[in-house]
Amino acid sequence: MSTAARKSPFTDWTVVVPLVSLLALVFSWGRDLPGFVVALVALCLAGAVLAAVHHAEVVAHRVGEPFGSLVLAVAVTVIEVALIVTLMADGGDKTASLARDTVFAAVMITCNGIVGLSLLVGALRNRVAVFNPEGSGAALATVATLAVLSLVLPTFTTSKPGPEFSTAQLTFAAVASLALYGLFIAVQTVRHRDYFLPVPTEAGAKKADGSSGGDGSGDGEHAEPPTSRAALVSLGLLLVALVAVVGDAKAVSPTIEAGVAGAGLPNAVVGVIIALLVLAPETLAAVRAARRDRVQTSLNLGYGSAIASIGLTIPAVALASVWLSGPLLLGLGPIHMVLLALTVVVSALTIAPGRATLLQGGVHIVVLAAYLFLAVSP
């Protein structure tokens, strides 16, 4: 028997790290943690992020696009929703705007951070990043509609004072969000699946016909897909890693909240930090896909995560508001509405040609930087 055949799975870091991170979650849950323990949990959190990316890529390689990016986006968002509802249940009135802050942060991070980084990486590799404008444009339209219905309209409705929906309005927003999310998934995975598949680049075509050797970073797409058993194991470990990511993020959130309050920063910064931590696996997966000349996969991850974040979070918090005490503030302020409008306009101009250069990627990164700066210094 070969050494590889005798190798125990528990010597593989992609197996060990999610399990250790989950143990860290179990022992830290609901406890006041000293500084060195918080540092250890944060280290486990970082390891779980890397493991989640690895297992997501294994599953994606088995099921193919666009199902692969859908698996990671939905898994992360479902657990993110659980984190938001848990924090709102524990926090009372001070977390009334947590759902809004976290969802809007997710939209800005995905539509500007993930998309911008992916375009930068793709353009650096091939001078021009190429993708399907039909699929990406449909995804962007869905994001914009969901964001306006759920995050902008509450600021202007008059049935209740403040940036709140009435019960009937919240019910409509929840049903509309679920309906749009379900319709998008049907279009992405069944009716127009080809709109969301990676577009071959000139460099990739040359490599395929043997005229250019390249650097070999795209060879992963041509490897044999993993077996069904290996994909199922990776799916299970992906869920474990994502539970660990979100749970460990909650474990360190009191330290984050104390640090934010001690620095005199707005409470909305907590939602930004939580979104950054939770979206870390998707960000890394998107960048790695762009490095393999699969920018469309990166955009599927970015826009798909934004759609899932709104489409699943709003119905969840609407349902949770039945038993949660305190108000549910969903409406954005003027600064954030301006940034959302800028994001939609810039994204539409980026997506329409189906090709992007370093400039478009840089513009998205600057918009994200403006959002992060204004979150700290409104």
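Structure's up top.
Residues numbered from 1 in each chain as written. Predicted model: local features only at pLDDT ≥ 70, side-chain atom pairs only at ≥ 80, totals over all residues. Heavy atoms only, no water.

Participant: Before we go on, may I ask you to explain the packing of helix H6 (residues 133-156) against helix H7 (residues 167-191) in this structure?
Facilitator: Helix-helix packing is characterised by the crossing angle of the two axes and by the distance between the axes. One way to put it is that H6 packs onto H7 with a least axis distance of 10 Å and a crossing angle of 175°. In this view, H6 runs roughly antiparallel relative to H7, as classed from their interaxial angle. Here Ala 139, Thr 142, Thr 145, Leu 146, Leu 149 and Ser 150 of H6 lie close against H7, whose contacting residues are Ala 173, Ala 176, Ser 177, Leu 180 and Phe 184. (Axes fitted to C-alpha atoms, helices over the stretch in contact; angles between N-to-C directions. Helix = DSSP H or I, 4+ residues; strand = E, 2+ residues; numbered from the N terminus. Parallel < 35°, antiparallel > 145°, perpendicular 65-115°, else oblique. Contact = heavy atoms within 4.5 Å.)

Participant: For this particular structure, what's the right way to read the pattern of salt bridges?
Facilitator: Between side chains of opposite charge, a pair can form as their charged atoms come close. Scanning the entire structure with this criterion turns up three salt bridges. Glu 164 is the salt-bridge partner of Lys 160, the closest N and O atoms lying 3.4 Å from each other. (Salt bridge = Lys/Arg side-chain N within 4 Å of Asp/Glu carboxyl O.)

Participant: Hey, could you run me through the nonpolar core in this one?
Facilitator: One recurring pattern in soluble globular proteins: nonpolar side chains tend to sit buried together. If you look at the biggest cluster of nonpolar residues, it comprises 84 residues, and the most contacted ones within it are Met 88, Tyr 303 and Tyr 371. Dropping the residues within four chain positions of it, Tyr 371 is found in contact with Asp 101, Phe 104, Ala 105, Met 108, Val 272, His 336 and Leu 339. (Core = buried A, V, L, I, M, F, W, Y, C linked by side-chain atoms within 4.5 Å. Buried < 20%, exposed > 50% of the residue type's maximum accessible area, 1.4 Å probe, protein only.)

Participant: I keep staring at the packing of aromatic side chains and nothing clicks. Help me out?
Facilitator: Any pair of aromatic rings gets described here by the distance separating the centres and the angle formed by the planes. Under the criterion given, the structure shown has two aromatic pairs. Relative to Tyr 371, the ring of Phe 104 has its centre 5.5 Å away and its plane inclined at 85°; by these criteria the two rings are edge-to-face. In this pair, Phe 104 is assigned in helix H5 (residues 98-126) and Tyr 371 in helix H14 (residues 358-376), connecting sequence segments 267 residues apart. The pair Phe 104 / Tyr 371 is uniform in exposure class, with both members buried. Measuring from centroid to centroid gives 5.7 Å for Phe 184 and Phe 196, while their planes differ by 90°, and the two rings are edge-to-face. Remark: Phe 196 occurs in the loop between H7 and helix H8 (202-208) and Phe 184 occurs in helix H7; sequence separation between them is 12 residues. (Phe/Tyr/Trp six-rings, centres within 6.5 Å; stacked < 30°, edge-to-face > 60°.)

Everything listed here is a matter of geometry and, on its own, says nothing about what the molecule does.
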